[in-house]
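Summary of the model geometry
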Amino acid sequence: MPAFAANLTMMFNEWDFLDRFDAAADAGFSAVEYLFPYEAAPEAIAERLARNNLRQALFNLPPGDWSAGERGIAAFPGRFDDLKADVERALDYAAATRVRRLHLMAGIADPHDQEAASSYRRSVAYTAGRLAEKGIDLLLEPINGRNMPGYFLNDFAIAERLIAECGLPNLKLQFDIYHRQILHGDVTMALRRLLPITGHIQIASVPSRNEPDGEELNYPYLFGEIDRLGYDGFIGCEYIPRGQTLDGLGWFKPFARN
Ligand SMILES: O=C(O)[C@@H](O)C(=O)CO
Ligand SMILES: [Mg+2]
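What you see is a predicted model, and the numbers here were worked out from it, not measured in a lab.

1. Concerning the UniProt feature "domain: Xylose isomerase-like TIM barrel" (unreviewed entry) in the chain
Residues annotated in UniProt with the feature "domain: Xylose isomerase-like TIM barrel" (unreviewed entry) correspond here to residues 21–253. End C-alpha to end C-alpha, residues 21–253 measures 18 Å, and it is 38% helix and 14% strand.

In structure tokens:
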């Protein structure tokens, strides 16, 4: 049975950030993820995880200045020193939350720009190396250009090639099924082929990015396939509830822990 992680950036927004941990546990989740933890103290997050017996599935390394439109800095040649500091900041939170995987965002940059491509590769190799010292996986996530216009890593084939070329055991793919369907489709065959390099999966309906219970994709079929393939990681529920979070959890009832 898949281990679902509630995405606390998108779900349970009826509560303040720290209270979302309690709400997710009460709803039957045994794990959580979110984009960024950095506005809360690491100890406060650790306390909520422990209190609720929750596992921390994933979060992102700092993305640069999000409010100014940055979506990562890994592909920016002039920001390597910032990136190194960001890695240490993320590792403080990783130590507190015991997370085993972190996602590095690439940034808004032209994927055909050679300078951006080599900066990205350097940032990925550096970050993966530093995370390996702590036993943590580094994840790369292709993101569709409708949600994130101009995003550098906008193609699963580019991520797959980079992971193969780097040959680092802790460098893996973040397979967001929502982005995959929008970018390329062919979700089941891609899961079958890419599962060996996949470190995390995320889900949402397509095209609305709501509960995984309708629209283009047949999630009960995909959950069965993911199980059949022997995936033993987390599935992050990275969706925007259509209404109240709890009202939309009918799909999750068979998987809830209590
Ligand atoms: O799919 C997404 O948008 C996220 O997983 C993310 O990390 C960047 O927004
Ligand atoms: Mg995602």
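Back to the text.
2. Some thoughts on the coordination of the magnesium ion (ligand 2)
Only Glu141 (OE), Asp176 (OD), Gln202 (OE1) and Glu238 (OE) from the protein reach the magnesium ion (ligand 2) as donors, at distances of 2.0 to 2.2 Å. As a motif over one chain, the donors of the magnesium ion (ligand 2) read E-x34-D-x25-Q-x35-E. Highlighted residues: Glu141 in the loop between β5 (137–140) and α5 (156–166) and Asp176 in strand β6 (residues 171–176), separated in sequence by 35 residues. Asp176 shares its class with Glu141; the two are buried.

3. Examining the layout of surface pockets
The volume enclosed by the largest pocket comes to roughly 360 Å³. Taken together, 14 residues line the largest pocket, and the ones lying closest to its centre are Phe36, Pro37, Tyr38, Glu39 and Ala40. For the lining of the largest pocket, the per-class residue count stands at 9 nonpolar, 2 polar and 3 charged.

4. What to know about the site of ligand 1
Asn60, Glu141, His179, Arg209 and Glu238 are the nearest of the 13 residues found near ligand 1. Contact between ligand 1 and Asn60: an oxygen atom at 2.9 Å from a side-chain N or O atom of the residue. Between Gln202 and ligand 1, the recorded distance is 3.0 Å, taken from a side-chain N or O atom to an oxygen atom. Residue classes in the shell around ligand 1 are distributed as 4 nonpolar, 5 polar and 4 charged.

5. Observations concerning the pairing of β5
Each regular strand shows side chains that alternate between the opposite faces of the sheet. Alternating positions in β5 separate into two faces, Asp137 and Leu139 on one and Leu138 and Leu140 on the other, with burial throughout. The pairing of strand β4 (residues 101–103) with β5 spans 3 bridges and is parallel. By the bridge assignment, His103 is partnered in β5 with Leu139. As a crossover connection, the stretch from β4 through helix α4 (residues 114–132) into β5 is right-handed. When β5 meets β6, the two strands line up parallel, connected through 3 bridges. Looking across to β6, one finds that Leu139 is bridged to Lys172.

6. Side note on the environment of Trp251
Among the structural elements, Trp251 can be located in the segment after β8 (234–237). We classify Trp251 as buried; its relative accessible area is 12%. With 40 residues separating them along the chain, Trp251 and Glu211 place their C-alpha atoms 7.9 Å apart. Setting aside residues up to four positions removed in sequence, Trp251 forms contacts with Phe4, Ile203, Glu211, Pro212, Asp213, Phe223, Cys237 and Tyr239. Only 3.1 Å separates the side chain of Trp251 from the side chain of Tyr239, close enough to count as a polar contact.

7. Concerning the packing of helix α2 (residues 42–51) against helix α3 (residues 80–97)
Direction vectors running N to C along α2 and α3 enclose 25 degrees, while the axes themselves pass 8 Å from each other. Classified by the angle their axes make, α2 and α3 are roughly parallel. Considering how the two elements wind past one another, α2 and α3 form a crossing that is right-handed. Touching Pro42, Ile45, Ala46 and Leu49 of α2 are Asp92, Tyr93, Ala96 and Thr97, all from α3. In terms of residue class, the contact of α2 with α3 is made up of 6 nonpolar, 1 polar and 1 charged.

8. What about the pattern of salt bridges?
Scanning all chains against the criterion turns up 17 salt bridges. Between Glu165 and Arg121 there is a salt bridge, with the nearest N and O atoms lying 2.6 Å from each other. Placement of the pair is Glu165 in helix α5 and Arg121 in helix α4, with a sequence separation of 44 residues. One salt bridge in this structure joins Asp213 and Arg242, with 2.9 Å as the shortest N-O distance. Linking Asp213 in the loop between β7 (198–203) and α8 (219–228) with Arg242 in the segment after β8, this pair joins segments that are 29 residues apart in sequence. The exposure class of Asp213 is partly exposed, given its relative accessible area of 42%. In this structure, a network of salt bridges that share partners links the residues Asp19, Asp22, Glu47, Arg48 and Arg51.

9. Concerning the sheet that holds strand β2 (residues 31–33)
The strand order around the closed barrel formed by 8 strands is β1-β2-β3-β4-β5-β6-β7-β8, and the pairing between neighbours is parallel. Neighbour-to-neighbour, the strand axes of the sheet open up by a mean angle of 30 degrees, direction not taken into account. Sheet strands touched by α5: β5 and β6. Its angle to β6, the strand with the most contacts, is close to 165 degrees. The sheet strands contacting helix α7 (residues 187–194) are β6 and β7, and the helix crosses β6 at an angle near 165 degrees.

Reading guide: rules and limits
Residues numbered from 1 in each chain as written. Chains lettered and ligands numbered in written order. Predicted model: local features only at pLDDT ≥ 70, side-chain atom pairs only at ≥ 80, totals over all residues. Heavy atoms only, no water. UniProt positions renumbered as here; feature names shortened; annotations may be inferred. Helix = DSSP H or I, 4+ residues; strand = E, 2+ residues; numbered from the N terminus. Donors = N, O, S within 2.8 Å, 3.2 Å for Na, K, Ca; no water. Buried < 20%, exposed > 50% of the residue type's maximum accessible area, 1.4 Å probe, protein only. 1 Å grid on protein atoms, 1.4 Å probe; cavity = no way out; pocket = protein on both sides within 12 Å on 5 of 7 lines; lining within 4 Å. Points joined across faces, edges and corners; volume = space filled by probe spheres on them. Nonpolar A, V, L, I, M, F, W, Y, C, P; charged D, E, K, R; others polar. Near = heavy atom within 4 Å. Polar contact = N/O pair within 3.5 Å; in protein donor to acceptor, adjacent residues only side chain to side chain. Pairing = 2+ DSSP bridges. Right-handed = clockwise from strand over helix to strand, strands pointing away. Contact = heavy atoms within 4.5 Å. Axes fitted to C-alpha atoms, helices over the stretch in contact; angles between N-to-C directions. Parallel < 35°, antiparallel > 145°, perpendicular 65-115°, else oblique. Left-handed = near helix turned anticlockwise from the far one by under 90°. Salt bridge = Lys/Arg side-chain N within 4 Å of Asp/Glu carboxyl O.

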